[in-house]
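Here is how the chains run, residue by residue.
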Amino acid sequence: MALAFIPLYLKFLGVESYGLLGFFATLQAMFALLDMGLSSTLTREMARLSILPDKQQEMRNLVRSLELVYWGVALVIGVIITAAAPLLANHWIKAGNLSPQVIERTVLVMGFAAALQWPSSLYNGGLMGLQRQVLLNSINIGTSTFRNAGAALVLWLVSPTIAAFLIWQAVASALTTGILAYNLWRSLPAGHAPPTFQKKLLASLWKFAAGMTSISVLAVILTQIDKVVLSRMLSLELFGYYTLASTVALSLTRLFTPVFFSIYPRFTQLATAGDEQGLRVLYHKSCQFISVLVLPAAVVIAFFSSDVLLLWTRNPLLAERTHLQASILILGTALNGMMNPPYALQLAYGWTKLNILSNAAAVVFLVPVIILLSMNYGALGAASAWLLLNVGYVVFMPPIMHHRLLRGEMWPWYLQDIAVPLLAGATVAGLARWLLPEIASTSVMTIRLVVVSALTLGVTVVSVPTMRSRIFRQRQLASA
């Protein structure tokens, strides 16, 4: 829904105001530091406690304890953004056609929207830990439709301004958070007493939560430093182009993030039960499934980014100024997606140290590179730094992880789960890009993208062992 309505937002708001939305997204990501790892901790604890006897009341008390903490943090976020609005509007954001007064009012509304949205991550984490993904997906479908379609109607019928857009986002955030909270409490098992705040429950989780906090801090630095630097260096218009390219790249997360939140609680249950063989099977299935979901889309968009952006936005200027950034960013995001099952495996065992150390090393060595590339090459430099970061993750982290967890599975992960499907998909998409001529007709361009995407997906599917065996079994059943 968000991707479908972006062309309308650009039409009503313009690329400069859309740059403010990119700044808002960066603010939200930076305030993720205040999560302190609690949403991921709740996911793990709900999954772990759900297979242990007589833990119903503890589950309810834990949710109430974390809920009170989260709403307190939401209040802090709203106050900080509101207080910082004059400073950000007058001394940080480089305004073009928008006046500092308009930007200041917009940042004030951002504070309310961010505060109301903040607690939803906790309720998401609880529902995922209870493995209520179908319910959660239904809620997300409804609230996303309300949020995005409603925003388009507000811009069309009420006021085509960034302030009106963000006010609607605040309304949608309040509704989403309320619905998620209601459904989490409804999904919890019944207890023998009303849920209460218990400090000792929070104290028992401090080690894992502290590890998750460290991971979150370092991850925010690594994923947002490019946007922080560019928001200071570039005009809102140029930052808007980079925001659009980042949106294209981050669209991949809509494919692999649901898989992560589906496998993470199941990994936790298998690890708690000591079922290593079951964990091995599910680990490779999930890695190969993410490869089939992510890699075909990534390589097609990377090779045909100009066509995709032109068909999506119907704006040749936007496509021209954004496609190279989008191609580089989406390859980095694809590699990041490949690391989700290994990350879920580490969290299932409560092992956060590897991720902390790898991110810390990346901050020390790569942040200066990110700043340098951004300052010298602008948006393309920042995009290249994101790709370099994720190449480093894929090269260095799995050997260390598999030395401790699921020993002997490193090379199957590299070869069967990653390299073969990546090579298969990239070969098809690359040959299509090289052999097929440039096309001006949008209808022919659309047909070409559909055909290339289907071929790339098909070749990737048959290159993966799990999918091949599934297809073979289906053919055997059909012939029988």
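Residues numbered from 1 in each chain as written. Predicted model: local features only at pLDDT ≥ 70, side-chain atom pairs only at ≥ 80, totals over all residues. Heavy atoms only, no water.

Draft legend 1. Structural detail: a nonpolar patch on the surface. The grouping of Phe 146, Ile 167, Val 171 and Leu 175 at the surface amounts to a nonpolar patch, some 310 Å² of accessible area in total. Sort the elements by how many residues they give to the nonpolar patch and helix α7 (residues 162–187) lands first, with 3 residues. Relative to the helices and strands, Ile 167 is located in helix α7. (Patch = residues over 30% accessible without salt bridge, like charges linked within 9 Å, V, L, I, M, F, W, Y side chains within 5 Å. Areas by Shrake-Rupley, 256 points an atom, 1.4 Å probe, with all protein chains shown as cover. Salt bridge = Lys/Arg side-chain N within 4 Å of Asp/Glu carboxyl O. Helix = DSSP H or I, 4+ residues; strand = E, 2+ residues; numbered from the N terminus.)

Draft legend 2. Looking closely at empty space enclosed by the protein. Evaluated as defined, the whole model comprises 1 cavity of 30 Å³ or more. Along its surface, the largest cavity is lined by Phe 23, Ile 93, Ser 231, Leu 236 and Phe 239. Classifying every residue of the lining of the largest cavity gives 4 nonpolar, 1 polar and no charged. (1 Å grid on protein atoms, 1.4 Å probe; cavity = no way out; pocket = protein on both sides within 12 Å on 5 of 7 lines; lining within 4 Å. Points joined across faces, edges and corners; volume = space filled by probe spheres on them. Nonpolar A, V, L, I, M, F, W, Y, C, P; charged D, E, K, R; others polar.)

Draft legend 3. How the structure looks around the packing of helix α12 (residues 276–303) against helix α15 (residues 340–348). Here α12 crosses α15 at 150°, and the two axes come no closer than 9 Å. The angle between the axes of α12 and α15 places the two elements in the roughly antiparallel class. Residues Leu 279, Tyr 283, Ser 286, Cys 287 and Ile 290 of α12 form the contact with α15, whose participating residues are Asn 340, Pro 341, Pro 342 and Leu 345. Among the residues forming the contact of α12 with α15, the class breakdown is 7 nonpolar, 2 polar and no charged. (Axes fitted to C-alpha atoms, helices over the stretch in contact; angles between N-to-C directions. Parallel < 35°, antiparallel > 145°, perpendicular 65-115°, else oblique. Contact = heavy atoms within 4.5 Å.)

Draft legend 4. Quick peek at the layout of surface pockets. In this model, the second largest pocket occupies a volume close to 430 Å³. Val 300, Ile 301, Val 308, Leu 449 and Ser 453 are the residues nearest the centre of the second largest pocket, which is lined by 16 residues in total. Where the lining of the second largest pocket is concerned, the elements lending two or more residues are α12, α13 (305–313) and α18 (442–463). Considering every element that reaches the lining of the second largest pocket, the biggest residue donor is α12, with 6 residues. Tallied by class, the residues present in the lining of the second largest pocket amount to 14 nonpolar, 2 polar and no charged.

Draft legend 5. Region of the structure containing the environment of Met 410. Structurally, Met 410 is set in helix α17 (residues 410–435). With a relative accessible area of 18%, Met 410 lands in the buried category. C-alpha of Met 410 to C-alpha of Pro 399: the two residues are 11 residues apart in sequence and 6.3 Å apart in space. Not counting residues within four places of it along the chain, the set of residues in contact with Met 410 comprises Pro 398, Pro 399 and His 402. (Buried < 20%, exposed > 50% of the residue type's maximum accessible area, 1.4 Å probe, protein only.)

Draft legend 6. Examining the nonpolar core more closely. Tyr 9 and Met 110 are the most contacted members of the largest nonpolar core, which has 136 residues in total. At 16 residues, helix α16 (residues 353–404) tops the list of elements feeding residues into this core. Ignoring any residue separated from it by four or fewer positions in sequence, one finds Tyr 9 in contact with Gly 14, Asn 148, Ala 151, Ala 152, Leu 155 and Phe 165. One finds Leu 311, Ala 432, Leu 449 and Val 452 within the second-largest nonpolar core, a separate group that totals 9 residues. (Core = buried A, V, L, I, M, F, W, Y, C linked by side-chain atoms within 4.5 Å.)

Draft legend 7. Layout of the packing of helix α1 (residues 2–31) against helix α10 (residues 236–250). Taken N-terminus to C-terminus, the directions of α1 and α10 make an angle of 130°; their axes are 7 Å apart at the nearest point. Judged on the interaxial angle alone, α10 and α1 are oblique. Considering the relative orientation of α1 and α10, their crossing is right-handed. Packed against α1, whose contacting residues are Leu 3, Ile 6, Leu 10, Val 15, Glu 16, Tyr 18, Gly 19, Leu 20, Gly 22 and Phe 23, the element α10 presents Leu 236, Glu 237, Phe 239, Gly 240, Tyr 241, Thr 243, Leu 244 and Thr 247 at the interface. (Left-handed = near helix turned anticlockwise from the far one by under 90°.)

Draft legend 8. The arrangement of the pattern of salt bridges in detail. Tallied over the entire structure, the rule returns 8 salt bridges. Glu 45 serves as the salt-bridge partner of Arg 44, at 3.7 Å between the closest nitrogen and oxygen. Judged on exposure class, the residue Arg 44 and its partner Glu 45 are both buried. One continuous salt-bridge network, built from bridges that share partners, spans Arg 44, Glu 45 and Arg 48.

Draft legend 9. Structural detail: helix α9 (residues 206–233). If you check α9, its first and last C-alpha atoms are 39 Å apart, about what 28 residues at 1.5 Å a residue would give, namely 40 Å. Along α9, the helix axis deviates most sharply at Gln 224, where the bend reaches about 50°. (Expected span 1.5 Å × (residues − 1). Bend = angle between axes of the 7 residues up to and from the residue.)

Draft legend 10. Focus on the confidence of the model for the protein. Taken residue by residue, the protein gives an average pLDDT of 86. The fraction at 70 or more is 96%. Between the elements of the protein, mean pLDDT differs from a low of 75, seen in helix α19 (residues 465–479), to a high of 95, seen in α12. (pLDDT = per-residue confidence, 0-100.)

Draft legend 11. Highlighting unusual backbone geometry. The residue Asp 54 is not glycine, and still its phi comes out positive at about 60°. Inspection of the secondary structure puts Asp 54 in the loop between α2 (38–49) and α3 (56–92). Even without being a glycine, Arg 314 presents a positive backbone phi close to 60°. Take Arg 314: it is sitting in the loop between α13 and α14 (316–338).

Draft legend 12. Summary view of the packing of aromatic side chains. One pass over the structure, following the stated rule, counts 9 aromatic pairs. Ring centres 4.9 Å apart and planes at 40° place the aromatic pair Phe 146 and Trp 168 in the tilted group. Highlighted residues: Phe 146 in helix α6 (residues 133–158) and Trp 168 in helix α7, separated in sequence by 22 residues. On the basis of relative accessible area, Phe 146 is assigned to the partly exposed category, the value being 32%. Taken together, a centroid distance of 5.8 Å and an interplanar angle of 15° make the contact between Phe 260 and Tyr 343 stacked. With Phe 260 in helix α11 (residues 253–273) and Tyr 343 in helix α15, the pair connects residues that are 83 residues apart, well separated along the chain. Just as Phe 260 is buried, Tyr 343 falls in that class too. Here the aromatic cluster, defined as three or more aromatic residues joined through ring pairs, consists of Phe 260, Phe 261, Tyr 264 and Tyr 343. Here Arg 404 stacks its cationic end above the ring of Trp 351, 4.3 Å away from the centre of that ring. (Phe/Tyr/Trp six-rings, centres within 6.5 Å; stacked < 30°, edge-to-face > 60°. Lys NZ or Arg CZ within 6 Å of the ring centre and 35° of its normal.)

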